[in-house]
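# Observations on the three-dimensional arrangement
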Amino acid sequence: MNARLPSSASAIDARQPIGQIAVQLPGATAVFRRHKLDFCCGGHVSLQQAAADKGLDMEALLAELSALQHPAEAPAIGDPAQLIGHLLQRYHAVHREQLPELIRMARRVEAVHRGHPDVPAGLADLLEDIHDELLSHMHKEEAILFPALQAGGNPFVDQPIQVMRREHTTHGEALEQLAALTHDATPPQGACNTWRALYTGIGQFSDDLVQHIHLENNLLFPQFEAASATTAPAQGCGSGSGCGCQ
């Protein structure tokens, strides 16, 4: 994977070339586009100079970029409500920011570099599929599963949890396709800043989604699956003891 700004970084050096920041910090390209800062062809100019040329507030711009730096690890979370809050803020909200920008950059790279032997043809479509499936998945968690878990769970909560686990498996398969199509998010020699930023963003998204799934599958869900197994009514066929279904 490409180098990324460390998640613990407290400040971004305004003397860095804007193109370097675009490549290293996932999400920075959206900030730069919003402020009409050229990070591709004009990527050699320092952030400080680029902001000055546009008359932008340097402190406000740095604050926007710093807000993109997310902690890599979950804090010490002692109860399900805290963990769900962390999942919503750190992963659900972030995925909704990540994917539209990745789709936009993928479409751009595929169009501009369509004659390049390493162009990731079909990448934007794959990212759109991932986006649609993940939005649907997160909506089901936010509307149905998480409220039930925050209320303490119930004897029937195992069913939606199993649905989420199956969808997590599908997400993992999509990440494998993503890695194969992008050579594990490794841009070709001489790739432009947009292409490199795209792959850095894909690397960050993939890491985030894996951690997101891990927290749910291995920390959140087991707490309620155990309770559901002990409180749910017995599931027999209802035809008596001699049916042979044992």
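In this text the structure is predicted, and so the values were computed from the model without any measurement.

Cut-offs applied
- Residues numbered from 1 in each chain as written.
- Predicted model: local features only at pLDDT ≥ 70, side-chain atom pairs only at ≥ 80, totals over all residues.
- Heavy atoms only, no water.
- pLDDT = per-residue confidence, 0-100.
- Helix = DSSP H or I, 4+ residues; strand = E, 2+ residues; numbered from the N terminus.
- Contact = heavy atoms within 4.5 Å.
- 1 Å grid on protein atoms, 1.4 Å probe; cavity = no way out; pocket = protein on both sides within 12 Å on 5 of 7 lines; lining within 4 Å.
- Points joined across faces, edges and corners; volume = space filled by probe spheres on them.
- Nonpolar A, V, L, I, M, F, W, Y, C, P; charged D, E, K, R; others polar.
- Axes fitted to C-alpha atoms, helices over the stretch in contact; angles between N-to-C directions.
- Parallel < 35°, antiparallel > 145°, perpendicular 65-115°, else oblique.
- Left-handed = near helix turned anticlockwise from the far one by under 90°.
- Buried < 20%, exposed > 50% of the residue type's maximum accessible area, 1.4 Å probe, protein only.
- Expected span 1.5 Å × (residues − 1).
- Arc of directions from axis to C-beta.
- Polar contact = N/O pair within 3.5 Å; in protein donor to acceptor, adjacent residues only side chain to side chain.
- Core = buried A, V, L, I, M, F, W, Y, C linked by side-chain atoms within 4.5 Å.

### What about the confidence of the model for the chain?
- Residues with a pLDDT of 70 or more make up 84% of the chain, whose mean pLDDT is 86.
- Element-level pLDDT for the chain is lowest in helix α8 (residues 193-231), with a mean of 88, against a maximum mean of 97 in helix α6 (residues 123-150).
- Segment residues 1-10: pLDDT under 50, and 25 contacts once partners within four positions in sequence are set aside and those in other chains are kept.
- Every residue in residues 231-246 is under pLDDT 50, and counting partners more than four places away or in other chains gives 5 contacts.

### Quick word on the layout of surface pockets
- In this model, the second largest pocket occupies a volume close to 200 Å³.
- Of the residues that constitute the lining of the second largest pocket, the class distribution is 8 nonpolar, 2 polar and 4 charged.

### Digging into the packing of helix α5 (residues 80-112) against α6
- Running from N to C, α5 and α6 point in directions that differ by 165°, and their axes come no closer than 9 Å. Relative to α6, α5 is oriented roughly antiparallel. Crossing angle aside, the handedness with which α5 passes α6 is left-handed.
- Taken together, the residues that form the contact of α5 with α6 break down as 17 nonpolar, 5 polar and 7 charged.

### Quick look at unusual backbone geometry
- We note that His 183 has phi near 55°; this positive angle belongs to a residue other than glycine.
- Here His 183 lies in the loop between α7 (158-181) and α8.
- The class for His 183 is partly exposed, based on a relative accessible area of 48%.
- The backbone of Asp 184 sits at a positive phi, close to 60°, despite the residue not being glycine.

### Points about the packing of α6 against α7
- Following both chains from N to C, one finds α6 and α7 inclined at 160°, their axes separated by 11 Å at the closest point. Relative to α7, the element α6 lies roughly antiparallel. Crossing handedness for the pair α6 and α7: left-handed. Of the residues in α7, those touching α6 at Leu 123, Leu 126, Leu 127, Ile 130, Glu 133, Leu 134, His 137, Lys 140, Glu 141 and Leu 145 are Pro 160, Ile 161, Met 164, Glu 167, His 168, Thr 170, His 171, Ala 174, Gln 177, Leu 178 and Leu 181.
- In the contact of α6 with α7, the residues fall into 12 nonpolar, 5 polar and 4 charged.

### Concerning α7
- For α7, spanning 24 residues, the distance from its first C-alpha to its last is 35 Å, which sits close to the expected 34 Å at 1.5 Å a residue.
- Turning to α7, its buried residues are Ile 161, Met 164, Glu 167, His 168, His 171, Ala 174, Leu 175 and Leu 178.
- Positive phi appears at His 183, one or two residues downstream of α7, with a value of about 55°.

### So, helix α4 (residues 58-66)
- Taken together, the buried positions of α4 are Met 58, Leu 61 and Leu 65. Along the axis of α4, the buried positions cluster into a sector of 65°, meaning they face one direction only.
- Here the buried face of α4 lies against α2 (28-34) and α3 (47-54).
- With a side-chain oxygen positioned 3.0 Å from the backbone nitrogen of Glu 59, the residue opening α4 is Asp 57.

### A short note on the nonpolar core
- Among the nonpolar cores identified, the biggest contains 26 residues, and Leu 102, Leu 123, Leu 127, Leu 178, Leu 198, Ile 202 and Phe 205 are the most heavily contacted of them.
- The biggest single contributor to this core is α8, with 8 residues.
- Beyond its immediate sequence surroundings of up to four residues, Leu 102 is in contact with Leu 127, Leu 198, Gly 201, Ile 202 and Phe 205.
- Grouped together as the second largest cluster of nonpolar side chains are 18 residues, Phe 32, Leu 37, Ala 50 and Met 58 included.

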